[in-house]
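Per-entry structural report
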Amino acid sequence: MTQRVDAAVRDPLDSGGRWLLRGVRPLGGAAVDMLLDGPVLAEIGPALSAPGANVLDADGLIALPGLVDLHTHLREPGREDAETVASGTRAAALGGFTTVFAMANTEPVADTAGVVEQVWRLGQAAGHCDVRPVGAVTEGLRGARLAELGAMASSAAAVRVFSDDGNCVSDAVLMRRALEYVKAFDGVIAQHAQEPRLTENAQLNEGVVSARLGLPGWPAAAEEAIIARDALLAGHVGSRLHVCHVSTAGSVEILRWAKSKGWRVTAEVTPHHLLLTDDLATSYDPVYKVNPPLRTAADVEALRAGLADGTIDCIATDHAPHAPQDKETEWAAARPGMVGLETALSIAIMVMVEPGLLDWAGLADRMAGAPSRIGGLPHASRDVAAALRPGAAANVVLLDPAARWTVDPHAFASRSRNTPYAGRSLPGRVQATFLRGRPTVLDGKIV
Ligand SMILES: [Zn+2]
């Protein structure tokens, strides 16, 4: 499997350029050629001819629509020591993403039109992938008064997803009002489901491991109670609820029930909750401290099954970069969270594709189609087959399914290193990412 950029490459940053991708396998299917002409996927077929185009020998590489992450912490403004919009979106492009939704818990909080427009503009200036700011639900994430949802929706950033992520909107009346408010413009409230009183000072999953370590636990019921309440509210109001990072088997059951009612409830799961378990906390290594916490093997199994059957709609990274002084400290003082943009696709391949739970088209739906639908991205990107047909936007990721690579945190484009996968060998490698026809990654490197 060779990866070669033709010697005739001119200016790879020229968005008006043409790229002929030779021998790609769209959604893992039969090999074809794909021609990207400017921002549009112009042609697909055998042995295409495109005189003057840049040629990429992509023999055997799988082509998926550009990935979409509904849950990224870019940390700018305020914590540029941990991540910036530029560094985080470089990490995203290397991970195969063409759109990330940037969470609102920045400093200042993204709770006004001014801040979401600032983040949106920083994304445009960096140019590595599209940045869609998430607006806060409540002022300052304090859970007391609704933020300026309408002003953020009608701003240049056109916010459609609102979340107090990091905090739960625990007040039921406020949650109901937020759901009612965003209905007018088909927005969605993305809830960090964590009943605060049940999780005061919690350090890890409540169970056998927390009992053994003598640390205060985080009961599954604290997540499930909020999901059940909010599903009922979303059904009552007729609005869209999205549940961030579900982590328990019980949550999957509640989501299955809510969907069976026809309510507009969607959910995401992180790569780490699909793989890692709470017994890792016995190491007291804070790299495993995350919110929601790592759960049990039975939860992991239920999450994989829920993602496979569509009860959980999508994978979202919850990429949570932290500076060393906030993470490399004792367990109780460490901030929760893990970086994830540069490893998400590989983990997803390992836990979902390799065991046969999802095929490539299914994986593309969970990492591109479904998040596009939930986040309100253009219609053409919401169906992964349509997203790779002529006429679609040329947002494409090429990955080598046979490659294996070893995670080296110091090689990350992210400014932070808090990955639980250091030294681990992972399957699948992103070789190239195209954002509206312009390569952001070639030969596995940022362009
Ligand atoms: Zn969260």
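Let us look at the structure shown here. Keep in mind the model is a prediction, meaning the values are calculated, not measured.

**Overview of the layout of surface pockets**
Quantified by volume, the largest pocket comes out at close to 530 Å³. The set of elements that each furnish at least two residues to the lining of the largest pocket consists of strand S8 (97–102), helix H2 (113–126), strand S9 (130–133) and helix H11 (360–375). The residue inventory of the lining of the largest pocket, partitioned by class, reads 16 nonpolar, nine polar and three charged. Counted as a void, the second largest pocket has a volume near 400 Å³. Taken together, 25 residues form the lining of the second largest pocket, with His-73, Arg-75, Asn-105, His-322 and Pro-336 sitting closest to its centre.

**As for the pattern of salt bridges**
Scanning all chains against the criterion turns up 17 salt bridges. Of the charged contacts, one joins Arg-22 and Asp-33 as a salt bridge, the two residues approaching to 2.5 Å between their closest N and O atoms. In this pair, Arg-22 sits in strand S2 (residues 18–26) while Asp-33 sits in strand S3 (residues 32–37), placing the two residues 11 residues apart along the sequence. Overall, Arg-22 belongs to the partly exposed group, its relative accessible area being 31%. Taking the relative accessible area as the measure of exposure, Asp-33 reaches 7% and is therefore buried. Asp-81 serves as the salt-bridge partner of Arg-79, at 2.9 Å between the closest nitrogen and oxygen. Looking at Arg-79, the relative accessible area reads 17%, which means it is buried. Within the structure, one salt-bridge network assembled from shared partners comprises Arg-79, Asp-81 and Asp-326.

**Focus on the packing of aromatic side chains**
Under the defined criterion, the tally for this structure stands at three aromatic pairs. With centroids separated by 5.2 Å and ring planes inclined at 85°, the aromatic side chains of Trp-257 and Trp-263 adopt a geometry described as edge-to-face. What makes Trp-257 partly exposed here is its relative accessible area of 34%. Seen from the ring of Trp-405, Arg-429 lies directly overhead, with NZ or CZ sitting 4.2 Å from the centre.

**Brief notes about the pairing of strand S4 (residues 40–45)**
Each regular strand displays side chains that alternate between the two surfaces of the sheet. In this sheet, S4 lies alongside S3 in antiparallel orientation, the contact comprising five bridges. Its bridge partner lying in S4, Asp-33 is registered against Gly-45. Counting the residues in the hairpin turn of S3 and S4 gives two residues, including Gly-38, whose phi is positive at 60°.

**Observations regarding the packing of helix H6 (residues 220–237) against helix H7 (residues 249–260)**
It is the contact of H6 with H7, at a shortest axis distance of 9 Å, that shows an interaxial angle of 10°. It follows that H6 is roughly parallel to H7 by the angle criterion. Along its contact with H6, which presents Glu-223, Glu-224, Ile-227, Ala-228, Ala-231 and Leu-232, the element H7 presents Gly-250, Ser-251, Ile-254, Leu-255, Trp-257 and Ala-258. Within the contact of H6 with H7, the residues separate by chemical class into eight nonpolar, two polar and two charged.

**Quick look at the side chain of Asp-164**
Structurally, Asp-164 is set in the loop between strand S10 (161–162) and helix H4 (172–183). Nearest to the buried, unbridged Asp-164 among oppositely charged side chains is Arg-142, at 9.3 Å. At 2.6 Å, the side chain of Asp-164 forms a polar contact with the side chain of Thr-138. In contact with Asp-164, other than residues within four places in its own chain, are Ala-136, Val-137, Thr-138, Leu-141, Gly-143, Val-169 and Ala-190.

Reading the values: rules and limits
- Residues numbered from 1 in each chain as written.
- Predicted model: local features only at pLDDT ≥ 70, side-chain atom pairs only at ≥ 80, totals over all residues.
- Heavy atoms only, no water.
- 1 Å grid on protein atoms, 1.4 Å probe; cavity = no way out; pocket = protein on both sides within 12 Å on 5 of 7 lines; lining within 4 Å.
- Points joined across faces, edges and corners; volume = space filled by probe spheres on them.
- Helix = DSSP H or I, 4+ residues; strand = E, 2+ residues; numbered from the N terminus.
- Nonpolar A, V, L, I, M, F, W, Y, C, P; charged D, E, K, R; others polar.
- Salt bridge = Lys/Arg side-chain N within 4 Å of Asp/Glu carboxyl O.
- Buried < 20%, exposed > 50% of the residue type's maximum accessible area, 1.4 Å probe, protein only.
- Phe/Tyr/Trp six-rings, centres within 6.5 Å; stacked < 30°, edge-to-face > 60°.
- Lys NZ or Arg CZ within 6 Å of the ring centre and 35° of its normal.
- Pairing = 2+ DSSP bridges.
- Axes fitted to C-alpha atoms, helices over the stretch in contact; angles between N-to-C directions.
- Parallel < 35°, antiparallel > 145°, perpendicular 65-115°, else oblique.
- Contact = heavy atoms within 4.5 Å.
- Lys, Arg positive; Asp, Glu negative; His and termini not counted.
- Polar contact = N/O pair within 3.5 Å; in protein donor to acceptor, adjacent residues only side chain to side chain.

By themselves, these are just geometric observations and shouldn't be taken as functional.
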